[in-house]
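Here's the letter readout for the chains.
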Number of protein chains: 2
Amino acid sequence: MKLHGYFRSSASYRVRIALNLKGLRADQLSHHLRKGEQRDPAFLALNPQGLVPALQDDKGAVLTQSLAIIEWLDETHPEPPLLPKDPLHRAKVRAFAQAVACDIHPVQNLKVLARLRELGLPEEQVTGWAAWANREGLAACEALIANEPGPFCFGDTPTIADLCLVPQLFNARRFGVDVSAYPRLLRAEAAAQAMKAFTDAAPDRQPDAE
Amino acid sequence: MKLHGYFRSSASYRVRIALNLKGLRADQLSHHLRKGEQRDPAFLALNPQGLVPALQDDKGAVLTQSLAIIEWLDETHPEPPLLPKDPLHRAKVRAFAQAVACDIHPVQNLKVLARLRELGLPEEQVTGWAAWANREGLAACEALIANEPGPFCFGDTPTIADLCLVPQLFNARRFGVDVSAYPRLLRAEAAAQAMKAFTDAAPDRQPDAE
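Let me sum up the structure you'll find in this document. (Residues numbered from 1 in each chain as written. Chains lettered and ligands numbered in written order. Predicted model: local features only at pLDDT ≥ 70, side-chain atom pairs only at ≥ 80, totals over all residues. Heavy atoms only, no water.)

## Quick look at the overall build of chain A
Counting its regular elements, chain A contains nine helices and four strands. When its helices and strands are written in sequence order, chain A yields β-α-β-α-β-β-α-α-α-α-α-α-α. Taken over the C-alpha atoms alone, chain A extends approximately 45 × 45 × 30 Å along its principal axes. Restricting to contacts in chain A with at least 6 residues of sequence separation, those with at least 24 account for 69%. For chain A, the exposed surface amounts to about 8500 Å²; the carbon and sulfur share of it is 53%. Between the averaged position of the 24 positive side-chain charges in chain A and that of its 25 negative side-chain charges there is a distance of 2 Å. (Helix = DSSP H or I, 4+ residues; strand = E, 2+ residues; numbered from the N terminus. Contact = heavy atoms within 4.5 Å. Areas by Shrake-Rupley, 256 points an atom, 1.4 Å probe, with all protein chains shown as cover. Lys, Arg positive; Asp, Glu negative; His and termini not counted. Charge placed at Lys NZ, Arg CZ, Asp CG, Glu CD.)

## Re the relation of the copies chain B and chain A
Mapping chain B onto chain A leaves a residual RMSD of 0.0 Å; the transformation is a rotation of 180 degrees accompanied by 0.0 Å of translation along its axis. Overall, the copies show the geometry of a two-fold rotation axis. The C-alpha atom lying nearest the rotation axis in chain B is that of cysteine 102 of chain B; the distance is 2.1 Å. Mapped onto chain A, 100% of the interface residues of chain B again fall at the interface, so both copies present the same surface. (Least-squares fit on C-alpha atoms with pLDDT ≥ 70 in both.)

## A word on the packing of aromatic side chains
Given two aromatic rings, their pairing is described by the distance between the two centres and the angle made by the two planes. Scanning the entire structure with this criterion turns up nine aromatic pairs over all chains. Site record: aromatic cluster; members linked through ring pairs are Trp129 and Trp132 of chain A together with Trp129 and Trp132 of chain B. Sitting over the face of the ring of phenylalanine 175 of chain A, arginine 174 of chain A holds its NZ or CZ atom 5.6 Å from the ring centroid. (Phe/Tyr/Trp six-rings, centres within 6.5 Å; stacked < 30°, edge-to-face > 60°. Lys NZ or Arg CZ within 6 Å of the ring centre and 35° of its normal.)

## As for empty space enclosed by the protein
Inspection of every chain in the model, using the stated rule, returns one cavity of 30 Å³ or more. What the largest cavity holds in volume is close to 80 Å³. Tallied by class, the residues present in the lining of the largest cavity amount to five nonpolar, two polar and four charged. (1 Å grid on protein atoms, 1.4 Å probe; cavity = no way out; pocket = protein on both sides within 12 Å on 5 of 7 lines; lining within 4 Å. Points joined across faces, edges and corners; volume = space filled by probe spheres on them. Nonpolar A, V, L, I, M, F, W, Y, C, P; charged D, E, K, R; others polar.)

## Structural notes on the sheet that holds strand β2 (residues 27–30) of chain A
Within a sheet, each strand pairs with its neighbour through backbone hydrogen bonds, oriented either parallel or antiparallel. All names here are of chain A. Taken together, four strands build an open sheet; the order of strands is β2-β1-β3-β4 and the sheet is mixed. Looking at the sheet topology across the chains shown, the edges are occupied by β2 and β4 (62–64). This sheet shows a mean twist of 20 degrees between the axes of neighbouring strands, independent of strand direction. Here four bridges tie strand β1 (residues 2–5) to β2, and the two strands are oriented parallel to one another. Pairing of lysine 2 across the sheet is with aspartate 27, part of β2. The sheet contacts of helix α3 (residues 66–76) involve β3 (54–56) and β4, and relative to β4 the element is tilted by about 120 degrees. (Pairing = 2+ DSSP bridges. Axes fitted to C-alpha atoms, helices over the stretch in contact; angles between N-to-C directions.)

## Here we look at the interface of chain B and chain A
If you look at the interface, chain B gives 42 residues, while chain A gives 42 residues. Both faces combined, the contact of chain B with chain A buries some 3900 Å², and carbon together with sulfur accounts for 65% of it. Joining chain B to chain A, the criterion identifies eight salt bridges. For arginine 90 of chain A, the salt bridge identified is with glutamate 75 of chain B, shortest N-O distance 2.9 Å. At the boundary of chain B with chain A, the tally comes to 16 residue pairs in polar contact (both at pLDDT 80 or more). With 10 residues, the single largest contributor to the side of chain B that touches chain A is helix α4 (residues 87–101) of chain B. Split into classes, the residues belonging to the side of chain B that touches chain A amount to 26 nonpolar, seven polar and nine charged. (Buried area = accessible area lost by both parts, 1.4 Å probe. Salt bridge = Lys/Arg side-chain N within 4 Å of Asp/Glu carboxyl O. Polar contact = N/O pair within 3.5 Å; in protein donor to acceptor, adjacent residues only side chain to side chain.)

## Re helix α1 (residues 10–22) of chain B
All names here are of chain B. With 13 residues, α1 should reach 18 Å at 1.5 Å per residue; the first-to-last C-alpha distance of 19 Å fits that figure. Burial within α1 is extensive, with 12 of its 13 residues counted as buried. Buried residues of α1: Ser10, Ala11, Ser12, Tyr13, Arg14, Val15, Arg16, Ile17, Ala18, Leu19, Leu21 and Lys22, and no others. Looking at the residues trailing α1, positive phi occurs at glycine 23, about 70 degrees. (Expected span 1.5 Å × (residues − 1). Buried < 20%, exposed > 50% of the residue type's maximum accessible area, 1.4 Å probe, protein only.)

## Here's the deal with the environment of glycine 23 of chain A
All names here are of chain A. Assignment of secondary structure puts glycine 23 in the loop between α1 (10–21) and β2. Glycine 23 sits in the exposed class, given a relative accessible area of 64%. Remark: the alpha-carbon pair of glycine 23 and glycine 137, spanning 114 residues in sequence, is separated by 31 Å.

## Observations concerning the environment of alanine 202 of chain A
Residue and element names in this part refer to chain A. The topology assignment puts alanine 202 in the segment after α9 (196–199). Spatially, the C-alpha atom of alanine 202 lies 14 Å from that of glutamine 28, the residues being 174 residues apart in sequence. If we ignore the near neighbours within four places in the chain, the residues touching alanine 202 are Tyr13 and Arg16.

## Focus on unusual backbone geometry
Between valine 52 of chain A and the following residue, proline 53 of chain A, the backbone shows a cis peptide bond with an omega angle of 5 degrees. With respect to the helices and strands, the residue proline 53 of chain A is situated in the loop between α2 (41–46) and β3. Looking along the chain, the bond that leaves glutamate 79 of chain B and enters proline 80 of chain B is cis, with omega of -15 degrees. Along the chain, proline 80 of chain B turns up in the loop between α3 (66–76) and α4. Phi is positive for glutamine 65 of chain A, which is not a glycine, with a value near 65 degrees. Among the structural elements, glutamine 65 of chain A can be located in the loop between β4 and α3.

## Focus on α3 of chain A
Along an α-helix, residues three or four positions apart point the same way, because every turn accommodates 3.6 residues. α3 of chain A sits mainly inside the fold: nine of its 11 residues count as buried. Residues of α3 of chain A that are buried: Ser66, Leu67, Ala68, Ile69, Ile70, Glu71, Trp72, Leu73 and Asp74 of chain A.

## Notes on the packing of helix α5 (residues 110–118) of chain B against helix α6 (residues 123–144) of chain B
All names here are of chain B. Running from amino to carboxyl end, α5 crosses α6 at an angle of 150 degrees, the nearest separation of the two axes being 10 Å. Comparing their axes, α6 and α5 come out roughly antiparallel. The chirality of how α5 crosses α6 is right-handed. Touching Val112, Leu113, Leu116 and Arg117 of α5 are Glu123, Val126, Trp129 and Ala130, all from α6. The residue inventory of the contact of α5 with α6, partitioned by class, reads six nonpolar, no polar and two charged. (Parallel < 35°, antiparallel > 145°, perpendicular 65-115°, else oblique. Left-handed = near helix turned anticlockwise from the far one by under 90°.)

If you want it as structure tokens, here you go:
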């Protein structure tokens, strides 16, 4: 398999964790987002959205969107499972993952921040925007799992919720968010970061890290 | 079941279509987004994210995030299926749905547009922002299904891709986007709008429509 990604892309980071948890190897192909390499015609032919990650399976089929990729990995390589079995529990885990992947990350990604700059907002307001999106979203995430025993977001093994949380906390810190306001999220992060599958997926451990 | 929604919320619209396709009835509880009713303490106790839709099942359990709700409906009421059986096909359908639900909708929702106004952007730029998010995203969606035979996004029955597409095209038109640039998307929309499950879910057919 080949993973088209970027060391600092939090959506690529989610997929790296999933591959590690499943014990799968993928060659990493880096697309430098700040240089716009995700808009190269060769990559657009693979993924018309011009976004990382994209995963190519061994037959060359291209999968896009991190959560769709992760559910595919979970369906084709069921052990260890990244979703609970019970439908209601699955829905709770997916809702948490989507609270990150729909309601935080896209509002503070590189493309949106670039657009804010184009509209003339000063750098301070652009960073403030990213921090706001993270604070609002993480506060909601904290409430979503307040009554979950843990130590992970949901139960005693990692799920797709943790795969989304850990990269998002990495982003939040980059934007100067005080994450100590989210103790339950930090507890889940600590449980995750005790696993090699998570630490090996960290941005600064990737071949294209700067 | 109870569906907490709002007639013009495109995420609520997705769930309404799913319920109709499954032949399920839910009492609709409206939360007026422009009046901020989604921030009422009673609703925040149900969904700490303060977002619609939220679905309460017959035992009172609360589900949030439209795609998580729709996958739950599909798992608990399998007929007619809203996802194909083959894992790779499922991944393609989910990726399309997420291209809408992650990369278009959250970038142009009410909360983000309100924030742009708070930062001092004039109304013209705020609407321009929403139109930009729709144009960029829909162009990518058009490319994602360019080679799919149809008439729906994927094949001859509706999937979660169509459940996301139809409400997003409704939004795009509201923001003045020229949707004739996306003929493949319009073909899928036409197939969907020939079904009562889709037309009955339209915003102007809801009890809280203005």
